[in-house]
Amino acid sequence: MPEQHSQLVDGFSRQITYVRLSVTDRCDLRCVYCMAEDMTFVPRAQLLTLEEIARLGRCFSELGVTKLRITGGEPLVRRNVLWLFEQLGALPGIRDLTVTTNGTQLPKYAAALKAAGVTRVNISLDSLQRERFAAITRKGELDQVLAGIDAALAAGFERVKLNSVILKHRNHDEVRDLVQFALDRGLDLSFIEEMPLGVIGDRDRAEAYYSSEAIRRDLAGRFALIPTTETTGGPSRYWRVTGHASRIGFISPHSHNFCGDCNRVRVTAEGRLLLCLGQEHSADLRRALRANPTDDKRVKQAIRQAMSIKPPGHDFDLTERPIIFRHMNATGG
Ligand code: SAM
Ligand code: SF4
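Given the structure is predicted, the values throughout are model-derived calculations rather than measurements.

Criteria and cut-off values
Residues numbered from 1 in each chain as written. Chains lettered and ligands numbered in written order. Predicted model: local features only at pLDDT ≥ 70, side-chain atom pairs only at ≥ 80, totals over all residues. Heavy atoms only, no water. Core = buried A, V, L, I, M, F, W, Y, C linked by side-chain atoms within 4.5 Å. Buried < 20%, exposed > 50% of the residue type's maximum accessible area, 1.4 Å probe, protein only. Contact = heavy atoms within 4.5 Å. Axes fitted to C-alpha atoms, helices over the stretch in contact; angles between N-to-C directions. Helix = DSSP H or I, 4+ residues; strand = E, 2+ residues; numbered from the N terminus. Parallel < 35°, antiparallel > 145°, perpendicular 65-115°, else oblique. Left-handed = near helix turned anticlockwise from the far one by under 90°. Nonpolar A, V, L, I, M, F, W, Y, C, P; charged D, E, K, R; others polar. Arc of directions from axis to C-beta. Phe/Tyr/Trp six-rings, centres within 6.5 Å; stacked < 30°, edge-to-face > 60°. Lys NZ or Arg CZ within 6 Å of the ring centre and 35° of its normal. Pairing = 2+ DSSP bridges. Near = heavy atom within 4 Å.

Further remarks concern the nonpolar core. Phe60, Phe85, Phe191, Leu273 and Ile303 are the most contacted members of the largest nonpolar core, which totals 73 residues. With residues up to four places along the chain from it excluded, the contact list for isoleucine 303 reads Leu8, Leu56, Cys59, Phe60, Leu63 and Leu285. Among the nonpolar cores identified, the runner-up in size contains 19 residues, and Ala36, Ile192, Met195 and Ile251 belong to it.

So, about the packing of helix α3 (residues 106-116) against helix α5 (residues 142-155). Close contact between α3 and α5 brings their axes to 8 Å; oriented N to C, the two are set at 20°. Here α3 is positioned roughly parallel relative to α5, judged by the angle of their axes. For the pair α3 and α5, the crossing hand works out as right-handed. When α3 is examined against α5, the residues Leu106, Pro107, Ala110, Ala111 and Lys114 are found in contact with a partner set consisting of Gln144, Ala147, Gly148, Ala151, Ala152 and Ala155. Its residues assigned to classes, the contact of α3 with α5 shows eight nonpolar, two polar and one charged.

Among the residues of α3, Leu106, Tyr109, Ala110, Leu113 and Ala116 are the ones counted as buried. The buried residues of α3 all sit within an arc of 135° when viewed along its axis, so they share a single face. Counted as exposed and oriented over 90 degrees from the buried face of α3: Lys108, Ala111 and Ala115. As for α3, its buried residues are in contact with α2 (81-89), β3 (96-101), β4 (120-124) and α5. In the stretch just after α3, glycine 117 is the one whose phi turns positive, near 110°.

The subject of this paragraph is the packing of aromatic side chains. In the structure shown here, the tally under the stated rule is two aromatic pairs. Considering the side-chain rings of phenylalanine 191 and phenylalanine 250, the 5.8 Å spacing of their centres and the 35° angle between planes classify their relative orientation as tilted. With a gap of 59 residues between them, phenylalanine 191 in strand β6 (residues 188-192) and phenylalanine 250 in strand β9 (residues 247-251) connect regions that are remote in the sequence. Residue phenylalanine 191 shares its accessibility class with phenylalanine 250, and that shared class is buried. Pairing tryptophan 239 with phenylalanine 250 gives two aromatic rings, centres 5.3 Å apart and planes at 85°, and the pair type is edge-to-face. On the criterion of sequence distance, the pair formed by tryptophan 239 in strand β8 (residues 237-241) and phenylalanine 250 in strand β9 is long-range, its members being eleven residues apart. An aromatic cluster is defined as three or more aromatic residues linked by ring pairs; in this entry it consists of Phe191, Trp239 and Phe250. Geometry around phenylalanine 250 places arginine 216 over its ring, the cationic atom sitting 4.7 Å from the centre.

The element strand β5 (residues 159-165) is extensively covered by neighbouring structure, given that six of its seven residues are classed as buried. Taken together, the five bridges between β4 and β5 define a ladder with parallel strand orientation. The residue of β5 that forms the bridge with valine 121 is valine 160. Where β5 and β6 come together, five bridges link them in parallel fashion. From the neighbouring strand, leucine 162 faces β6, where its bridge partner is leucine 189.

Strand order in the open sheet formed by twelve strands is β7-β8-β9-β6-β5-β4-β3-β2-β1-β10-β11-β12, with mixed pairing between adjacent strands. Looking along the sheet, the strands with just one partner apiece sit at the ends: β7 (225-227) and β12 (282-284). Here the average twist between neighbouring strands, direction ignored, is 25°. Two elements, β3 and β4, share four bridges in a ladder whose sense is parallel.

Before going further, it helps to spend a moment on the site of ligand 2. Contacts to ligand 2 come from Cys27, Leu29, Arg30, Cys31, Cys34, Met35, Gly73 and Asn102. A breakdown of the residues in the shell around ligand 2 according to their chemical character gives five nonpolar, two polar and one charged.

Before going further, it helps to spend a moment on unusual backbone geometry. With phi around 65°, asparagine 80 is a residue other than glycine that occupies positive phi space. Mapped onto the secondary structure, asparagine 80 falls in the loop between β2 (67-71) and α2. Its identity is not glycine, yet histidine 169 carries a phi of approximately 70°, on the positive side. Locating histidine 169 in the fold gives a position in the loop between β5 and α6 (175-185).

Encoded structure:
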């Protein structure tokens, strides 16, 4: 990794170089691990405007942040979101501009995102079986997302990565097929352990827990996995499969806590700076932006000050009721 000099350093000497900006909490899908079936979304008037998000991106980059990820909710359902990508893509300090999407809008947007300067795209895909895909996402159409993956490949991003949340008895028997799908297309793939964010109905998250280790055990029969020290600046730990370009990653908040080298913070669509995915420590950047409409120095000062309350790590426990009542869509996953 190149040496980084961020002005954002927390109380545990961790440099913050990566910010995930959520542009909406809304979504065209309702994945069972992410949302309840019936969701109340933030009133539009409370969201940051795209101009305010672009301003925050500029402030972060001037503070030494080099990587921005645009997420949600589903970021590509926000109206005029391409304008935002164009603004962020033009910031000189940003080396990596990425987006996490469910893929449904990629047939429409992939080429324009590439032209705006997006370097890498993460696409969520939990099943290759139509009915299952529809059940997990509650209303998604697999073919639409597969078309989105093709569009991303055709657009020529540096990397396209799939994200799969693996749940026991829902899709755990598909991990080999998902890896084969990724290998055949030269895609990276990260398996994610479900995190207890928000109340999602009657489903028992502890019962659905399927560990990264269990996935690697399942894969071992079919693929020769080789551990690597590679990183993309996020929480994935990567393995390679001999003879293939793809990386197979594991995001394992339960079985491998990744907080020690955390380099990131999140901003919700309402402008709340979240210092940790699994804790409530936060700062109100919307207030800082609106109180200082022309003075970026004040906004940067608010961001710098917030670093002192970044906690050491999350305390996720699947056996308890969620202690974090924010859903992932409101968190900016
Ligand atoms: N809508 C986009 C998507 O699905 O990729 C971006 C937002 S989504 C909240 C970001 C990522 O968080 C997705 O890969 C999704 O699978 C993951 N995710 C959502 N809820 C989760 C949970 N409770 N535990 C672990 N991962 C979760
Ligand atoms: Fe929407 Fe993404 Fe959450 Fe699924 S994981 S409901 S696609 S925000």
